[in-house]
Amino acid sequence: MAKIKQARAGDKTFEVFGRDHAERPLQHLGTVRAENKQLAIAHARFVYSERLWVEMCLSPTESFSGCMGAGQDGMVGMA
């Protein structure tokens, strides 16, 4: 039986996005945890291989900035 790798304290979380057709928008596929970007890419390719993707990309979760949420001013849409 294969042993599943447990996430370690130093691992980073990466957000994974992909598109299955060139004309479609990127969609959020999920997250992976890895020590570095190269391992995150390998893990994402394995985990999200249920489809043939024309593009897949990832970014560390910490690199995203919130633009709306609790404690943030602003509105979405036209008023």
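Every value quoted in this text rests on a predicted model; they were computed, and no experiment measured them.

Participant: What's the story with the overall build of the chain in this structure? I'm lost.
Facilitator: For the chain, the helix and strand inventory stands at 1 helix and 3 strands. Relative to its full complement of 79 residues, the chain shows a buried share of 19%. A total of about 6,500 Å² of accessible surface is found on the chain, and carbon and sulfur atoms cover 57% of it.

Participant: Help me out: how do you make sense of the nonpolar core in this one?
Facilitator: Of all hydrophobic cores here, the largest spans 9 residues; its members are Phe14, Val16, Leu29, Val32, Ala34, Ala40, Ala44, Tyr48 and Trp53. Those elements giving two or more residues to this core turn out to be strand S1 (12-19), strand S2 (27-34) and helix H1 (37-47). No other element matches the 3 residues that S2 contributes to this core. Once residues lying within four places of it in the same chain are set aside, the contact partners of alanine 34 are Asp11, Lys12, Phe14, Leu39 and Ala40.

Participant: I keep staring at the pattern of salt bridges and nothing clicks. Help me out?
Facilitator: Should their charged atoms come close, side chains of opposite charge can pair. Throughout the structure, instances matching the rule amount to 3 salt bridges. One salt bridge connects aspartate 20 with arginine 24, and the closest N-O pair in it is separated by 3.1 Å. Taking relative accessible area as the criterion, aspartate 20 reaches 15% and is therefore assigned buried. Note that aspartate 20 is salt-bridged to arginine 51, the shortest N-O span being 3.0 Å. Taken together, the residues aspartate 20 in the loop between S1 and S2 and arginine 51 in the loop between H1 and strand S3 (55-60) connect sequence positions 31 residues apart.

Participant: Any chance you could explain the sheet that holds S3 here in plain terms?
Facilitator: Strand-to-strand pairing in sheets goes through backbone hydrogen bonds, with the strands running parallel or antiparallel. The sheet built from 3 strands is open, its strands ordered S2-S1-S3 with antiparallel pairing. Lying at the two open borders of the sheet, with one neighbouring strand each, are S2 and S3. Neighbouring strand axes in the sheet, compared pairwise and without regard to direction, differ in orientation by 25° on average. One ladder, built from 7 bridges, connects S1 with S2; its direction is antiparallel. Its bridge partner being in S2, phenylalanine 14 is matched across the sheet by valine 32.

Participant: Help me understand the packing of aromatic side chains in this model?
Facilitator: A ring pair, where both rings are aromatic, is described by two values, the distance of the centres and the angle of the planes. Taken as a whole, this structure holds 1 aromatic pair when the rule is applied. Considering the side-chain rings of phenylalanine 17 and phenylalanine 64, the 6.0 Å spacing of their centres and the 40° angle between planes classify their relative orientation as tilted. Here phenylalanine 17 is found in strand S1, whereas its partner phenylalanine 64 is found in the segment after S3, with 47 residues between them in sequence.

About the thresholds
- Residues numbered from 1 in each chain as written.
- Predicted model: local features only at pLDDT ≥ 70, side-chain atom pairs only at ≥ 80, totals over all residues.
- Heavy atoms only, no water.
- Helix = DSSP H or I, 4+ residues; strand = E, 2+ residues; numbered from the N terminus.
- Buried < 20%, exposed > 50% of the residue type's maximum accessible area, 1.4 Å probe, protein only.
- Areas by Shrake-Rupley, 256 points an atom, 1.4 Å probe, with all protein chains shown as cover.
- Core = buried A, V, L, I, M, F, W, Y, C linked by side-chain atoms within 4.5 Å.
- Contact = heavy atoms within 4.5 Å.
- Salt bridge = Lys/Arg side-chain N within 4 Å of Asp/Glu carboxyl O.
- Pairing = 2+ DSSP bridges.
- Axes fitted to C-alpha atoms, helices over the stretch in contact; angles between N-to-C directions.
- Phe/Tyr/Trp six-rings, centres within 6.5 Å; stacked < 30°, edge-to-face > 60°.

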